[in-house]
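Summary of the model geometry
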Amino acid sequence: MKPAPFTYEAPTTLGEAVDVLGRYGDEAKVLAGGQSLVPVLALRLARFEALVDLNRVDELAYVREDDGAVVVGAMTRQATVEADPLVRRAVPVLAEATRLIGHFQIRNRGTLGGSIAHGDPAAEYPAVVTALDATVTVAGPSGTRQLAAADLYDGPMTTTLADDEILAAVSFPVWGPRSGFAVREMARREGDFATAGTVVGVTVADGRITRAAISLFGMGPVPLRARDAESHLVGAATAGLDLTAVGAAAVAGVDPPSDVHASGRYRTRVASRLVARALESALQEATA
Ligand SMILES: Cc1cc2nc3c(=O)[nH]c(=O)nc-3n(C[C@H](O)[C@H](O)[C@H](O)COP(=O)(O)OP(=O)(O)OC[C@H]3O[C@@H](n4cnc5c(N)ncnc54)[C@H](O)[C@@H]3O)c2cc1C
């Protein structure tokens, strides 16, 4: 099938893109890498009066350091994020997670902002921004605003962005020394969306965990933080830590969906093991 007819808009600045989007309201969609939107249009699962293509808005494609954070423009390709030296050094888990997104052809076209705005509950980037407490910059008719990652997701593939707003950039805080990170997921085939997955970050000082973040993906309508497990970790000695117990604590009370890919019970078991493995790896990195 082919998409239903639409008006094609190709602004060259962010301001122009916001203006054009505002003219159409909820009758328009922003087009980034097209890796999720185009199949939806081609299958006629949705139709819009206009597409506002961001691919000529060069000011939205960059990676830069800013005040202790790494800021990535929304139109930065996932392949660029994966290879970027600053990302690899300062936010290594973002690069690691990128390698798990689909195949390289998809990452060549797909954008950081597209994945985060799309908000697939099984996607890697939303779990990374959730674990790292990233901040999203959103541009709209009344200017820009900052949004905490925790306030971004509303439900499956639903964000709190208004129809006339554009996700412009994401700011990833850089953790201090003796920090380690890991992302682990289980997918039926390489390149598939994850059945379940986790992103873990820890900081260690004097043999004790001083900071911990665990997010789960594929386990609910939005990326989830395992706050109870995190608070048990903070202050715990790394020696003799019961990783299996932390994995179990991370999924306690989580009610993942059952679908054609896996039952909720299976997802829970898998996620518990993945958290244990990711934590082990993150601790090794933090204490190396
Ligand atoms: C075969 C296949 C396998 C895949 N596997 C994975 C996977 O394992 N993990 C994974 O995470 N993803 C996967 N994807 C999806 C891929 O990562 C997409 O790149 C991503 O979901 C959307 O990014 P995009 O730039 O292509 O956005 P688009 O498809 O262009 O847009 C997606 C949605 O986000 C909105 N949007 C885009 N940019 C903005 C913005 N700046 N501001 C506001 N709204 C915006 C669009 O309007 C649209 O609703 C896969 C895709 C395919 C085709």
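Because the structure is predicted, anything quoted here is derived from the model rather than measured.

Focus: the overall build of the protein chain
Across its full length, the protein chain carries 11 helices and 14 strands. A compact globule built from 288 residues should have a C-alpha radius of gyration of about 19 Å, and the protein chain, at 19 Å, falls within 12% of that. Taking the principal axes of its C-alpha atoms as reference, the protein chain extends roughly 60 × 45 × 30 Å. Out of the 288 residues in the protein chain, the part that is buried amounts to 51%. When the accessible surface of the protein chain is totalled, it reaches about 13400 Å², and 50% of it is carbon and sulfur. Separation of charge centres in the protein chain, based on 27 positive and 34 negative side chains, amounts to 7 Å.

Section: the packing of helix α10 (residues 243-251) against helix α11 (residues 264-287)
For the pair α10 and α11, the least separation of the axes is 8 Å and the interaxial angle reads 130 degrees. When the axes of α10 and α11 are compared, the pair comes out oblique. As α10 runs across α11, the sense of the crossing is right-handed. Facing Leu243, Thr244, Val246, Gly247, Ala248, Ala250 and Val251 of α10, the residues of α11 in contact are Thr268, Ala271, Ser272, Val275, Ala276, Leu279, Glu280 and Leu283. Of the residues belonging to the contact of α10 with α11, the class tally is 10 nonpolar, four polar and one charged.

Quick notes on the nonpolar core
In this structure, Leu94, Leu112, Ile116, Val170 and Phe172 are the most contacted members of the largest nonpolar core, which totals 40 residues. The biggest single contributor to this core is helix α8 (residues 124-131), with five residues. Two domains each donate at least three residues to this core, and these are domain 2 (62-173) and domain 3 (179-287). Ranked by size, the runner-up nonpolar core spans 25 residues in total, among them Val200, Val202, Ala226 and Leu274.

Analysis parameters
Residues numbered from 1 in each chain as written. Predicted model: local features only at pLDDT ≥ 70, side-chain atom pairs only at ≥ 80, totals over all residues. Heavy atoms only, no water. Helix = DSSP H or I, 4+ residues; strand = E, 2+ residues; numbered from the N terminus. Rg over C-alpha atoms; globule rule 2.2 N^0.38 Å. Buried < 20%, exposed > 50% of the residue type's maximum accessible area, 1.4 Å probe, protein only. Areas by Shrake-Rupley, 256 points an atom, 1.4 Å probe, with all protein chains shown as cover. Lys, Arg positive; Asp, Glu negative; His and termini not counted. Charge placed at Lys NZ, Arg CZ, Asp CG, Glu CD. Axes fitted to C-alpha atoms, helices over the stretch in contact; angles between N-to-C directions. Parallel < 35°, antiparallel > 145°, perpendicular 65-115°, else oblique. Left-handed = near helix turned anticlockwise from the far one by under 90°. Contact = heavy atoms within 4.5 Å. Nonpolar A, V, L, I, M, F, W, Y, C, P; charged D, E, K, R; others polar. Core = buried A, V, L, I, M, F, W, Y, C linked by side-chain atoms within 4.5 Å. Domains from an automatic or database assignment.

Fair warning: the whole summary comes from geometry, so function is off the table for now.
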